[in-house]
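Summary of structural features
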Amino acid sequence: MALPKSFTPFQIKDKLAETGLRGKNFEFLTDYTREQLQSLFEAGEMLEPYWRSKLNLMEGKVLATLFFQPSTRTRFSTEVAMLRLGGSVLSESNPTTSSSTAKGESLSDYLRTVSYYADIIALRHPNENEVFPALPGARVPVISGGWGNVTHPTQGLLDVYTIYRALGRFEDVKVMIASSDLSRARSGHSFALGLATMGAELVYVGTSVNPIPQLVMDKIKATGAKVTVYNDLTSEEYMDCMAEVDACYLPGCSVPKNDPEARAAFMDLIKPFYITLEGLEKIKKKTGKVVGIMHSLPRNDVEFDYAIDDSEFQLYFRQIGFSIPIRMALIAGMVGVD
């Protein structure tokens, strides 16, 4: 029997090395090939047994989380991922008041300073136009935990990983991304970029008044993925469209609660996008499909029926558990394991 030299037990460090992430920033999912993302997903699967326990891949390493915007899931899952890897965390959840940025320090200088304390940085920031010029200041890899309105790749990574774990494939997979405001749907766009890279088909449903940013559409088209855009559908047309997909993703509302006019406009626009449990059950009866409902969370009660929470169609809470092992793989890949 002639066996290849590669016929040896799997090692997590080898799988992480295949991702090509070491020493690089994590900004857009389209920065990586299908093969690299596949290796990252496989590394995530290898780390799943440890998402509630611990191993020492990152012992002695430090993650700094710098969040200029509020966060629950992204910050907690990123911090827990580092702790499960055996590393430590420096957490700054309010830099504009409790760090030197409150005294006028530039973002570039802030990142450069924090690089002396940490081996990797996770940054959330409301303005991508401020972030991109500042990134060269960092001396360690930087994870985007959401920048402006265009990129949230760790959320997108989790969403694509959820499809991978739920279906085991991307070929012949069709996913809808639906929002009344696609101009600010950064998590949905990051999901789309990952799906496009992996070869899935995309359907965008939105409104003509809040179109997809051109930067996002250019990146999707560059992958060669099939993408269809529908605007201003009626509720009936929306559900007919949903009957043709495997999953529907809702990016939620990024409009601040302290902007009542903007939120009121969002709530008015979203009415045709409301999803009911009854509607999903009708699709299943007609087509045999269980359309998975995904959401970046937090949600608004005008987006979908809360009865979906306890149904077979719900993916938005189920995927939270997967957020830790896939971020464990991401951090370990970016820092590197020798």
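As a reminder, the structure under discussion sits directly above these lines.
A brief report on the enclosed structure follows. (Residues numbered from 1 in each chain as written. Predicted model: local features only at pLDDT ≥ 70, side-chain atom pairs only at ≥ 80, totals over all residues. Heavy atoms only, no water.)

Attention now moves to the overall build of the protein. Check the secondary structure of the protein and you find 13 helices and 9 strands. Computed over its C-alpha atoms, the radius of gyration of the protein comes to 20 Å, within 12% of the 20 Å expected for a compact globule of 338 residues. Across the 338 residues that make up the protein, the buried fraction comes to 54%. For the protein, the accessible area works out to roughly 15,300 Å², and carbon and sulfur atoms hold 50% of it. With 35 positive and 40 negative side-chain charges, the protein shows a separation of 4 Å between the mean positions of the two kinds. (Helix = DSSP H or I, 4+ residues; strand = E, 2+ residues; numbered from the N terminus. Rg over C-alpha atoms; globule rule 2.2 N^0.38 Å. Buried < 20%, exposed > 50% of the residue type's maximum accessible area, 1.4 Å probe, protein only. Areas by Shrake-Rupley, 256 points an atom, 1.4 Å probe, with all protein chains shown as cover. Lys, Arg positive; Asp, Glu negative; His and termini not counted. Charge placed at Lys NZ, Arg CZ, Asp CG, Glu CD.)

Another aspect to go through is the packing of aromatic side chains. Under the criterion given, the structure shown has 15 aromatic pairs. With a centroid separation of 5.6 Å and 85° between ring planes, the pair formed by Phe 132 and Trp 147 is classed as edge-to-face. Within this pair, whereas Phe 132 is found in helix α6 (residues 128–134), its partner Trp 147 is found in strand β4 (residues 142–147), the two being separated by 15 residues in sequence. Positioned above the aromatic ring of Phe 28, the side-chain terminus of Lys 219 is 4.4 Å from the ring centre. Sitting over the face of the ring of Tyr 306, Arg 299 holds its NZ or CZ atom 3.9 Å from the ring centroid. (Phe/Tyr/Trp six-rings, centres within 6.5 Å; stacked < 30°, edge-to-face > 60°. Lys NZ or Arg CZ within 6 Å of the ring centre and 35° of its normal.)

The next thing to look at is the pairing of strand β3 (residues 120–125). With respect to burial, β3 is a largely interior element, 6 of its 6 residues being buried. As judged from the 5 bridges shared by strand β1 (residues 62–67) and β3, these two strands associate in the parallel manner. Note that in β3 the partner of Leu 63 across the bridge is Ile 120. The sheet contact formed by β3 and β4 spans 4 bridges and is parallel. Within the sheet, the bridge partner assigned to Leu 123 lies in β4 and is Ser 144. (Pairing = 2+ DSSP bridges.)

A few words on helix α9 (residues 214–222). Among the residues of α9, Val 216, Met 217 and Ile 220 are the ones counted as buried. In an axial view of α9, the angular spread of the buried residues amounts to 95°, which keeps them on one side of the axis. Facing away from the buried surface of α9 by more than 90 degrees, the exposed residues are Gln 214 and Ala 222. On its buried side, α9 packs onto α8 (186–198), β6 (201–206) and β7 (227–231). Taken from the residues just after α9, Gly 224 is the one with a positive phi, measuring 85°. (Arc of directions from axis to C-beta. Contact = heavy atoms within 4.5 Å.)

Function-wise, these values are silent; they only describe arrangement.
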